[in-house]
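What follows is the residue order along each chain.
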Amino acid sequence: APYAPNTDFGSGDIPMPQEIYDNVTASGRTVLHIPFMIGAVSFFHSVPNLPLESTRGLNLTACLLGRIFSTDITTWDHPDILAINPGLAALNPAGKAIKVGHRTKGAPSTFAITSYMHAGCPEQWPADQVGSTAEWDDATTAVQGMGGMTDMLVNNEWAIGYI
């Protein structure tokens, strides 16, 4: 489909793919791509009762995150999570499901976290799942924008997402 502009100005944290660039310039618009900042993206959770200090808070590796976001791990008391979070079982009841939130509509934060999971654990998060969009399991929760992700995390205990 030909490019139909929504605005006169846009910005993003990741380079524009060649196909989109070609589509925009073919419509007679000029693209000026200037890297202008570095943004931080991180994983956030709403697991209750955890201390805030890093040595006793929630610890997750890239491999565990890949398994959680792909729904291979679905509960907070999974043995692999408890192996590096020995105090977690005592602080929370068993069998609590993990509610995974992900962004919709292609987001730079999705690109960042999928790149991280692939770089840290390619066997759990394959290269074809890296990008501003990904194929998410139906058991995950789609949210729109950073505000939607924040709301999902605030309003749902036992959730995990990224901002």
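None of the values given here were measured: they were computed from a predicted structure. (Residues numbered from 1 in each chain as written. Predicted model: local features only at pLDDT ≥ 70, side-chain atom pairs only at ≥ 80, totals over all residues. Heavy atoms only, no water.)

(A) Structural context of the state of the cysteines. This structure, assessed with the given rule, holds one disulfide. The disulfide that involves C63 links it to C121, with 1.9 Å between the sulfurs. On the sign convention where negative is left-handed, the bridge of C63 and C121, at about 95° about the S-S bond, is right-handed. Here C63, found in helix α2 (residues 62-69), pairs with C121, found in the loop between α5 (108-120) and β3 (141-143); they are 58 residues apart in sequence, far enough to count as distant. Judged by its relative accessible area of 26%, C63 is partly exposed. (Disulfide = S-S within 2.5 Å. Helix = DSSP H or I, 4+ residues; strand = E, 2+ residues; numbered from the N terminus. Buried < 20%, exposed > 50% of the residue type's maximum accessible area, 1.4 Å probe, protein only.)

(B) Spotlight on the pairing of strand β2 (residues 99-103). Buried residues dominate β2, accounting for four of its five residues. As defined by bridge partners, β2 adjoins strand β4 (residues 159-162) across two bridges and the pair is classed as parallel. Residue pairing across strands places K99 opposite A159, the latter belonging to β4. Alignment of β2 against β3, held across three bridges, turns out to be parallel. Within β3, the residue paired with R103 across the bridge is V143. In terms of handedness, the path from β2 via α5 over to β3 forms a crossover that is right-handed. (Pairing = 2+ DSSP bridges. Right-handed = clockwise from strand over helix to strand, strands pointing away.)

(C) Seen up close, the environment of S46. Position of S46 among the secondary structure elements: in the loop between β1 (43-45) and α2. Its relative accessible area of 15% is what places S46 among the buried residues. Excluding residues that lie within four positions of it along the chain, S46 makes contacts with L153, N156, E157, W158 and A159. Here the side chain of S46 touches N156 through a polar contact of 2.4 Å, landing on its backbone oxygen. (Contact = heavy atoms within 4.5 Å. Polar contact = N/O pair within 3.5 Å; in protein donor to acceptor, adjacent residues only side chain to side chain.)

(D) Spatial organisation of the environment of M152. Tracing the backbone shows M152 in helix α6 (residues 145-155). Placed ten residues apart in sequence, M152 and A142 show a C-alpha to C-alpha distance of 9.5 Å. Not counting chain neighbours up to four residues away, the residues in contact with M152 comprise K99, V100, G101, T141, V143, A159 and I160.

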